[in-house]
Amino acid sequence: MAKMWAGRFKKETDRLVNEFNASVSVDSRLYREDIEGSMAHAAMLEKQGIIPPEDGKNIRAGLREILKDMEAGKISLTPELYEDIHMANEQLLTERIGDGGKRLHTARSRNDQVALDMRLYVRKEILEIRRLVLEFMEVLCEKAKDHLETVMPGYTHLQRAQPITFAHHLMAYGNMLKRDVRRLEDCLEGMDEMPLGCGALAGTTYPIDREFAAEELGFSGVTDNSLDGVSDRDYCMELCACLSILMVHLSRLSEEIILWCSWEFKFVELDDAFSTGSSIMPQKKNPDVCELIRGKSGRVFGDLQTLLVMMKGLPLAYNKDMQEDKEAVFDAVDTVKICLQVFSPMFATMTVLPENMKAAAKRGFLNATDCADYLTKKGVPFRDAYKISGTLVAMCIEKGETLDSLPLETYREVCPVFEKDVYEAVDLMACVRERKSLGGPAPEEVARQLEKLLKFLREKKEAQS
Ligand code: ARG
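Parameters at a glance
- Residues numbered from 1 in each chain as written.
- Predicted model: local features only at pLDDT ≥ 70, side-chain atom pairs only at ≥ 80, totals over all residues.
- Heavy atoms only, no water.
- Helix = DSSP H or I, 4+ residues; strand = E, 2+ residues; numbered from the N terminus.
- Rg over C-alpha atoms; globule rule 2.2 N^0.38 Å.
- Buried < 20%, exposed > 50% of the residue type's maximum accessible area, 1.4 Å probe, protein only.
- Contact = heavy atoms within 4.5 Å.
- Lys, Arg positive; Asp, Glu negative; His and termini not counted.
- Charge placed at Lys NZ, Arg CZ, Asp CG, Glu CD.
- Near = heavy atom within 4 Å.
- Polar contact = N/O pair within 3.5 Å; in protein donor to acceptor, adjacent residues only side chain to side chain.
- Areas by Shrake-Rupley, 256 points an atom, 1.4 Å probe, with all protein chains shown as cover.
- Salt bridge = Lys/Arg side-chain N within 4 Å of Asp/Glu carboxyl O.
- UniProt positions renumbered as here; feature names shortened; annotations may be inferred.
- 1 Å grid on protein atoms, 1.4 Å probe; cavity = no way out; pocket = protein on both sides within 12 Å on 5 of 7 lines; lining within 4 Å.
- Points joined across faces, edges and corners; volume = space filled by probe spheres on them.
- Nonpolar A, V, L, I, M, F, W, Y, C, P; charged D, E, K, R; others polar.
- Phe/Tyr/Trp six-rings, centres within 6.5 Å; stacked < 30°, edge-to-face > 60°.
- Patch = residues over 30% accessible without salt bridge, like charges linked within 9 Å, V, L, I, M, F, W, Y side chains within 5 Å.
- Pairing = 2+ DSSP bridges.
- Axes fitted to C-alpha atoms, helices over the stretch in contact; angles between N-to-C directions.
- Parallel < 35°, antiparallel > 145°, perpendicular 65-115°, else oblique.
- Left-handed = near helix turned anticlockwise from the far one by under 90°.
- Core = buried A, V, L, I, M, F, W, Y, C linked by side-chain atoms within 4.5 Å.

Concerning the overall build of the chain
Regarding its fold elements, the chain presents 20 helices and 6 strands. Against the compact-globule benchmark of 23 Å for 465 residues, the chain has a radius of gyration of 31 Å, which places it well outside the compact range. For the chain, the spread of C-alpha atoms along the three principal axes comes to 100 × 50 × 40 Å. The buried share among the 465 residues of the chain stands at 50%. Long-range pairs, those at least 24 residues apart, make up 74% of the contacts in the chain with a sequence separation of at least 6. The distance from the centre of the 62 positive side-chain charges to the centre of the 77 negative ones in the chain is 1 Å.

Brief notes about the site of the ligand
Around the ligand sit S23, D27, D84, H86, R110, N111, V114, Y318, Q323 and K326, and that is every residue in its neighbourhood. R110 places a polar side-chain atom, nitrogen or oxygen, 3.5 Å from a nitrogen atom of the ligand. Here Y318 contributes a side-chain N or O atom positioned 2.4 Å from an oxygen atom of the ligand. Relative to its free-state accessible area of 340 Å², the ligand is covered by the protein chains to the extent of 86%. It is helix 7 (residues 110-145) that provides the largest number of residues to the shell around the ligand, a total of 3 residues.

Some words on the pattern of salt bridges
Scanning the model with the defined rule gives 37 salt bridges in all. A salt bridge links E138 to K461, with the shortest nitrogen-to-oxygen separation between them at 3.1 Å. On the criterion of sequence distance, the pair formed by E138 in helix 7 and K461 in helix 20 (residues 443-464) is long-range, its members being 323 residues apart. Exposure remark for K461: the relative accessible area of 47% places this residue in the partly exposed category.

Quick word on the UniProt feature "domain: Fumarate lyase N-terminal" (unreviewed entry) in the chain
Taken from the UniProt record, the annotation "domain: Fumarate lyase N-terminal" (unreviewed entry) applies to residues 7-302. Annotation note: span residues 7-302, helix share 61%, strand share 6%, distance between end C-alpha atoms 41 Å.

Here we look at the UniProt feature "domain: Argininosuccinate lyase C-terminal" (unreviewed entry) in the chain
Those places that UniProt annotates as "domain: Argininosuccinate lyase C-terminal" (unreviewed entry) correspond, in this numbering, to residues 365-432. Span residues 365-432 is 65% helix and 0% strand, its end C-alpha atoms 14 Å apart.

Quick look at empty space enclosed by the protein
Per the counting criterion, the structure on display carries 1 cavity of 30 Å³ or more. As for the largest cavity, its lining consists of H41, M44, A107, M194, L196, G197, I208, D209, R210 and A213. When residues of the lining of the largest cavity are traced back to their parent elements, those giving at least two are helix 3 (31-47) and helix 9 (210-216). Partitioning the lining of the largest cavity into residue classes produces 6 nonpolar, 2 polar and 2 charged.

What to know about the packing of aromatic side chains
In total, this model carries 11 aromatic pairs according to the counting rule given. Between F136 and F347, the ring centres sit 5.9 Å apart and the planes meet at 90°, which makes this aromatic pair edge-to-face. Residue F136 is found in helix 7, and its partner F347 is found in helix 13 (residues 325-348); the two are separated by 211 residues along the sequence. Among the residues examined, F136 registers a relative accessible area of 1% and is labelled buried.

Overview of a negative patch on the surface
A cluster of acidic residues, D186, E189, E193, D224, D228, D234 and E238, forms a negative patch at the surface. Of all the elements in the fold, those that place two or more residues in the negative patch are helix 8 (166-190) and helix 11 (234-261). You can call E193 partly exposed: its relative accessible area is 34%.

Here we look at the pairing of strand 2 (residues 159-165)
Looking at chain direction, strand 1 (residues 151-156) and strand 2 are connected through 6 bridges and run antiparallel. The partner of V151 across the bridge, within strand 2, is T165.

Some points on the packing of helix 7 against helix 8
Interhelical geometry of helix 7 versus helix 8 gives an angle of 165° and a closest axis separation of 10 Å. Judged by the angle between their axes, helix 7 and helix 8 are roughly antiparallel. Seen from above, helix 7 lies across helix 8 with left-handed handedness. Partitioned by chemical class, the residues of the contact of helix 7 with helix 8 number 19 nonpolar, 1 polar and 5 charged.

Brief notes about the nonpolar core
F136, L243, L250, I257 and F347 are the most contacted members of the largest nonpolar core, which has 102 residues in total. Looking at this core element by element, the count peaks at 15 residues for helix 11. Among residues more than four places away in sequence, those in contact with F136 are L177, L250, L253, L340, F343, S344 and F347. If you look at the next biggest cluster of nonpolar residues, it comprises 19 residues, including C371, Y374, F418 and V426.

A look at unusual backbone geometry
Across the junction of L316 and A317, the peptide omega takes the value 0°, indicating a cis bond. You can see A317 is positioned in the loop between helix 12 (288-312) and helix 13. Even without a glycine there, the phi angle at L158 is positive, about 55°. Here L158 shows up in the loop between strand 1 and strand 2. Its identity as a non-glycine residue notwithstanding, F365 has a phi of 55°, on the positive side.

A few points about the packing of helix 8 against helix 11
Describing two packed helices takes the angle between their axes plus the distance from one axis to the other. Where helix 8 meets helix 11, the axes come as close as 9 Å, and the angle between the chain directions of the two elements is 170°. The orientation of helix 8 relative to helix 11 falls into the category roughly antiparallel. In this structure, helix 8 meets helix 11 at a crossing whose hand is left-handed.

This is the structure:
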């Protein structure tokens, strides 16, 4: 087929170049955004008297028909026929309505067109991903509700450190996800500018009304510099940065679930519907979903890297390199969405095994700090108390005892300040209950954290409806 730019060229494009240059197999996903943007553009051209009213109406009616046919899968967008989605829509329109279709591209370039399409797409997907994150947060809160008193070991260096509760642990993730929501919203707010009207790079001589198109498309304003408007992909990088951080969080939780599922921990058991078996080992029940999420996080980081490297050397304004933005953004969005979609039900159906958590919390001297704190509260300087507690732990290890079972005489041999009430101080549940400092694991304090997060979720829900 003759190229749109055939006037300037004496030769046909090489077949391989055609294939290499075409992006329609990737950007056909933007057909809705492209049509939506073109409708607003046509409405603006008509309102400004840049194109005749009949053409404006025909263009919009034609685009509506094309959209319907696309949704019905009646149009095949192959690279042999079309270079990209923008050319495809214009060609299809012209085939259908004739000269009116040829007027659509007045005062517009594919450069501001694609910049608009991508913004429309990213805006839509941010809202969807935010919804999925909020949904997952709800699942987290629901689980946490049942486990305010479920004591488990808290770890540093993956060594048992101090006692916490399962709800406390989950609230940590709740707070991470809350920040993810904030970052996504921030990205949305920052990109709320409409680039159409920047033209190829230097605006246009036509009397366009950019604000009108912005309003039609639901943007708060327009991009303020035409060079920047066509070459800005900050919002793509920002989105991928947000998604990368979100994937870090999902990956860390996945890693923990993988550990918790192992016989070494056995803190949780995944539902059969969310586990997989082995082709050879009959006993296996594997947390493949978590492993995939952990693995797929790498793709999203890679997508961010792709965009950063793609952009960093580009002179203003548009360069074809930027066509590569789509695959990276689409992949990051697809990956994050599927991860969240599968994580929520997997987490909701996971069985928690409080007895095993408690048994683990009983070993490993999680109450050694509390033992030291006991002495400190009786006037012993913390550094001395710390040393005494350490000595007691060493004795316990030697004798096969725990701080709960060590006889009072032994305690008093090491430090005469100890009295009978030390057993209350090192009692596991007491250790948790007394950690009621703001942010701590005490059930009443975690209940406060939980209520705060639930309030956040309620407010988001109300704002959505
Ligand atoms: N397919 C192109 C892209 O995605 C559209 C813009 C083309 N602009 C150009 N000047 N060749 O970037």
